[in-house]
Amino acid sequence: MRLDLTVNGIGRRIDVEPYETLLETLRTRLALTGTKLACAEGECGACTVIVDGDTINSCLMPALAVNGSEVTTVEGLANGSLAPIQDAIVASGGVQCGFCTPGFLMTVHSFLKENPDPADDEIRMAIAGNLCRCTGYAQIVDAVKLVVTQGA
């Protein structure tokens, strides 16, 4: 079936299977492998992308449901240089194995657009849908606070 969408600012027209998830489409058909498959149940956040301004778990979203939509993946955050949250997560040591990082980046990027000056508890609530086995979350919260203090 035909799918028309814009991914990271580029219009795309591709054929997909009717049962295919957005995650599968991004990774296999568009070679955007930053979005990760982990739990495949919408519980971990590794597959988080932004669709028409809202964060979603792409492992649960049928690809055909985003027909005509604007999709931003982690690859779309950088525009010639790293996005502020990408720089901050590196500077704060918020990347260890890195598997969960794309989902956190997308979640935080979207969250900071809605709440540019969050309190610590608001940051923790915003990232609650993203699981990490390595960092303990403190460095990720520090990265968000770094972006806020730098005014980016």
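Caption draft 1: Examining unusual backbone geometry more closely. Residue Asn-8 is not a glycine yet carries a positive backbone phi of 55°. As for its placement among the helices and strands, Asn-8 is situated in the loop between β1 (2-7) and β2 (10-15). Here the phi dihedral of Ala-31 falls at roughly 55°; this positive angle occurs in a residue that is not glycine. Mapped onto the fold, Ala-31 is located in the loop between α1 (22-29) and β3 (48-51). The class of Ala-31 is exposed, set by a relative accessible area of 58%.

Caption draft 2: Here's a closer look at the packing of helix α2 (residues 84-91) against helix α3 (residues 101-114). Contact geometry of α2 with α3 gives a least axis separation of 10 Å together with a crossing angle of 130°. Relative to α3, the element α2 is oriented oblique. The way α2 lies across α3 gives a crossing that is right-handed. Here Ile-85, Gln-86 and Ile-89 of α2 come into contact with α3, specifically with Thr-101, Leu-105 and Val-108. Classifying every residue of the contact of α2 with α3 gives four nonpolar, two polar and no charged.

Rules and cut-offs
Residues numbered from 1 in each chain as written. Predicted model: local features only at pLDDT ≥ 70, side-chain atom pairs only at ≥ 80, totals over all residues. Heavy atoms only, no water. Helix = DSSP H or I, 4+ residues; strand = E, 2+ residues; numbered from the N terminus. Buried < 20%, exposed > 50% of the residue type's maximum accessible area, 1.4 Å probe, protein only. Axes fitted to C-alpha atoms, helices over the stretch in contact; angles between N-to-C directions. Parallel < 35°, antiparallel > 145°, perpendicular 65-115°, else oblique. Left-handed = near helix turned anticlockwise from the far one by under 90°. Contact = heavy atoms within 4.5 Å. Nonpolar A, V, L, I, M, F, W, Y, C, P; charged D, E, K, R; others polar.

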